[in-house]
Amino acid sequence: MPQSVDELLALLDLEAIEDNLFRGQQPDTQLQRVFGGQVAAHALVAASRTVPERYVVHSLHSYFLRPGDTSVPIVYDVDTLREGRSFATRRVIARQHGRPIFALTSNHQVPEDGLEHQDPMPEVPAPEDCPSLVDVTQGPPEVAERWKREWDVLEIRHAGDTRPGGSLPHDGRAARSRLWIRISGALPDDRLTQVAAFTYASDMTLLAAALVPHGLEISSPGLQAASLDHAVWFHRPFRADDWWLYDQVSPSASGGRGLGLARVFTRDGVLVATVAQEGLIRVRDAD
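Values in this document were obtained by computation on a predicted structure and should not be read as measured data.

**Quick word on the overall build of the chain**
Of regular secondary structure, the chain possesses 5 helices and 13 strands. Over its C-alpha atoms, taken along the principal directions, the chain stretches across nearly 55 × 45 × 35 Å. Classification of the 287 residues of the chain by burial places 47% in the buried group. Counting only contacts in the chain whose residues sit at least 6 apart along the sequence, the fraction spanning at least 24 positions is 73%.

Structure, rendered in structure tokens:
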């Protein structure tokens, strides 16, 4: 996986192979399947490249259909569903070996003024005062080594959670986890690069929020975890390479699935995005 901003930018730079048809290369990785944030970011870039510049993405909704093969490129086929005065809609199917592995629908809007309100940002310690997520994650040393090898392009600080002995009060929610996240290096200023990099990172930790009250980690023995769907609403412009607070909650887990919701705040308290994801959290015998 990309370990630097340059490698991340190279990963997000899709090859145009025909009208509305793009190809995404694979990074060097030891993961067994394609990272969901990678295919979601690729699909968003593919959709946005078919939309006139006057539109900016304001939401995406997606489903992970099959595990992606990390050894071959992914082809992204974009369908133009709508292009009106205010909104444009695209549908993207990602394929490998002739079969769809991922489906995304994105909506894009010509920016306009409108009514304004937002949730207040919760009180949290500054990112500089929070430990690295790797330092607080339970697991053998090889987990930390694998994390650094695969995810070094992301800087993630732990700002508290509601697990037993955690630093956050329950206040009616059994599953809450707060993280400060940023891309660990300067990105170009253009909005597509910023939202694509954010989309890449947004799939990293959200499912883990559903495990907080159960004392489990994504790497826990016997746990089968995988993203099933992913949705993002972009409320206001922001930078993925500046610190943003990922205020994650899981309102429910049942039937082998967990639901995660997250509000995304900039450091100065602006609510810039909302993310939702349901994922598989199937517990099997550790043996």
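**A short note on the side chain of T193**
Along the chain, T193 turns up in helix α5 (residues 191-202). Under the relative-accessibility criterion, T193 is labelled buried at 16%. A polar contact of 2.8 Å, which involves the side chain of T193, links it to the side chain of D190. T193 has contacts with L9, L187 and P188, leaving out every residue within four places of it along the chain.

**What about the packing of aromatic side chains?**
Evaluated as defined, the whole model comprises 7 aromatic pairs. Residues F198 and F234 carry aromatic rings whose centres are separated by 6.1 Å and whose planes lie at 70 degrees to one another, so their mutual orientation is edge-to-face. Remark: F234 occurs in strand β10 (residues 229-234) and F198 occurs in helix α5; sequence separation between them is 36 residues. For the pair F198 and F234, one class covers both residues: buried.

**Focus on the UniProt feature "domain: Acyl-CoA thioesterase-like N-terminal HotDog" (unreviewed entry) in the chain**
The positions UniProt marks with the feature "domain: Acyl-CoA thioesterase-like N-terminal HotDog" (unreviewed entry) are residues 32-105. Within the segment residues 32-105, helix and strand shares are 18% and 49% respectively, and the terminal C-alpha atoms sit 26 Å apart.

**Examining the packing of helix α1 (residues 5-12) against α5**
For the pair α1 and α5, the least separation of the axes is 11 Å and the interaxial angle reads 100 degrees. It follows from the interaxial angle that α1 and α5 lie roughly perpendicular. Residues L8, L9, L11 and L12 of α1 pack against T193, A196, A197 and Y200 of α5. Of the residues assigned to the contact of α1 with α5, the class counts are 7 nonpolar, 1 polar and no charged.

**Thoughts on the pairing of strand β6 (residues 99-109)**
Where strand β3 (residues 56-64) lies against β6, 8 bridges are found, and the strand directions are antiparallel. In the strand pairing of β6, F64 is matched with F102. Judged from the 10 bridges that link them, strand β5 (residues 87-96) and β6 form a sheet pairing that is antiparallel. Note on β6: the bridge partner recorded for T89 is N107.

**Some points on the nonpolar core**
Y76, F102, I183, F198, Y200 and Y246 are the most contacted members of the largest nonpolar core, which has 56 residues in total. Top contributing element to this core by residue count: helix α2 (residues 36-48), with 8 residues. In this view, Y200 contacts M1, P2, L8, L11, F35, G37, Q38, A41, W151 and V153; residues no more than four positions away in its chain are not counted.

Cut-offs and rules
- Residues numbered from 1 in each chain as written.
- Predicted model: local features only at pLDDT ≥ 70, side-chain atom pairs only at ≥ 80, totals over all residues.
- Heavy atoms only, no water.
- Helix = DSSP H or I, 4+ residues; strand = E, 2+ residues; numbered from the N terminus.
- Buried < 20%, exposed > 50% of the residue type's maximum accessible area, 1.4 Å probe, protein only.
- Contact = heavy atoms within 4.5 Å.
- Polar contact = N/O pair within 3.5 Å; in protein donor to acceptor, adjacent residues only side chain to side chain.
- Phe/Tyr/Trp six-rings, centres within 6.5 Å; stacked < 30°, edge-to-face > 60°.
- UniProt positions renumbered as here; feature names shortened; annotations may be inferred.
- Axes fitted to C-alpha atoms, helices over the stretch in contact; angles between N-to-C directions.
- Parallel < 35°, antiparallel > 145°, perpendicular 65-115°, else oblique.
- Nonpolar A, V, L, I, M, F, W, Y, C, P; charged D, E, K, R; others polar.
- Pairing = 2+ DSSP bridges.
- Core = buried A, V, L, I, M, F, W, Y, C linked by side-chain atoms within 4.5 Å.

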